[in-house]
Amino acid sequence: MSKKNNEKKFSRKLLHKYRLVVLNEDTFEERFAIKLTRLNVFVIVSLGTILLIAGTIFLIAFTSLKEYIPGYSSTALKKQATVLNYKTDSLQQVINLNAQYYASIRKVLTGDVSALDFNRDSIIDAATIDPSKLDLKPTKEDSLLRDMVDKEDKYNVFESTISSSNFVLFPPVNGNISEDYNIKEKHFAVDIVVAKDTPVKATADGTVIFAEWTAETGYVVIIEHSYELISVYKHNASLTKEQGDLVKSGEVIAMAGNTGALTTGPHLHFELWNRGYPVNPTNFIDFN
């Protein structure tokens, strides 16, 4: 009974009506009045608190006001950090490519060529295989690939008109060869005897990637051509081109001379490199 009486008293207190009146202090005139209960006040305060919390969360989550709260980072700074991260990655890739490029040029200048290692046992095993016992019938995937390549070659007009067979090398100078191309002695060039100040011409169209003085080989010019071909001209008396210049086949790029420590007289030290490996120039050029 006592519990029921207490519950009734509590419910009466919650539903008991009060009147909130606003009076004029001088005239005691009633300006505003509202009837309230304790339950109404509790509900209003609760709803107001919930709305206040929801509004605060909305402002923090979807507006820039959160940047003024300690612990939150700026959106602009995040965007800048992301952009800088992408740029840094791109620059690192460019640096790696340049490092490989300079390493190949260094090999051309120093003549440092690494020999290829072959597995002798695998070569012997391959030689002992009887070709007649091999199944050389094309697979379905191979036939589809061949058809696709044939169609590409058939309708690719521009690629078919430009062929490596039309790529002709021009003799840089004409004269007698004093020292031939010799891999065993690491002489990856031909030395052509010419008179001093003889014009040295570009062997093909390309871009000058190196035009400087070196202590051992004097004035050196290196030109990058199509099909991953590089030509090198050493011991020149002077240069007529600079790094970055575009040259045409047969265009004068230097004057022959006798500069550098590793020279015995006026001549042109001419090298050809393809994909980082030396090539015998006499196989493609007639110097006489």
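Shown above is the structure to which this text applies.
Residues numbered from 1 in each chain as written. Predicted model: local features only at pLDDT ≥ 70, side-chain atom pairs only at ≥ 80, totals over all residues. Heavy atoms only, no water.

Asks: Got a minute to help me understand a nonpolar patch on the surface in this structure?
Replies: A grouping of Leu15, Leu39, Phe42, Val43, Leu47 and Ile50 is seen on the molecular surface, where their side chains present a nonpolar patch of about 590 Å² in accessible area. The element contributing the most residues to the nonpolar patch is helix α2 (residues 38-62), with five residues. With respect to the helices and strands, the residue Phe42 is situated in helix α2. Given the relative accessible area of 57%, Phe42 is considered exposed. (Patch = residues over 30% accessible without salt bridge, like charges linked within 9 Å, V, L, I, M, F, W, Y side chains within 5 Å. Areas by Shrake-Rupley, 256 points an atom, 1.4 Å probe, with all protein chains shown as cover. Salt bridge = Lys/Arg side-chain N within 4 Å of Asp/Glu carboxyl O. Helix = DSSP H or I, 4+ residues; strand = E, 2+ residues; numbered from the N terminus. Buried < 20%, exposed > 50% of the residue type's maximum accessible area, 1.4 Å probe, protein only.)

Asks: Which parts of the structure should I look at to understand the pairing of strand β2 (residues 30-37)?
Replies: Each regular strand displays side chains that alternate between the two surfaces of the sheet. Taken together, the seven bridges between strand β1 (residues 17-23) and β2 define a ladder with antiparallel strand orientation. In the strand pairing of β2, Leu20 is matched with Ile34. The antiparallel pairing of β1 with β2 creates a hairpin that spans six residues between the two strands, and Phe28 there sits at a positive phi of about 55°. (Pairing = 2+ DSSP bridges.)

Asks: So what exactly am I meant to see when it comes to the environment of Asn176 here?
Replies: In this fold, Asn176 is placed in strand β3 (residues 176-179). For Asn176, a relative accessible area of 58% corresponds to the exposed category. Distance in space between the C-alpha atoms of Asn176 and His267 is 9.7 Å, their sequence separation being 91 residues. When sequence neighbours within four positions are dropped, the list of residues in contact with Asn176 reads Asp191, Ile192, Val193 and Asn288. (Contact = heavy atoms within 4.5 Å.)

Asks: Sorry if this is basic, but what is going on with the pattern of salt bridges here?
Replies: Pairing is possible between side chains of opposite charge, provided their charged atoms come close. Following the criterion strictly, the structure yields five salt bridges and no others. One salt bridge connects Glu30 with Arg19, and the closest N-O pair in it is separated by 2.9 Å. Of this pair, Glu30 sits in strand β2 while Arg19 sits in strand β1, and the two are eleven residues apart along the sequence. Classification of Glu30 by relative accessible area gives partly exposed; the value is 42%.

Functional significance is not addressed by these values, which are geometric in nature.
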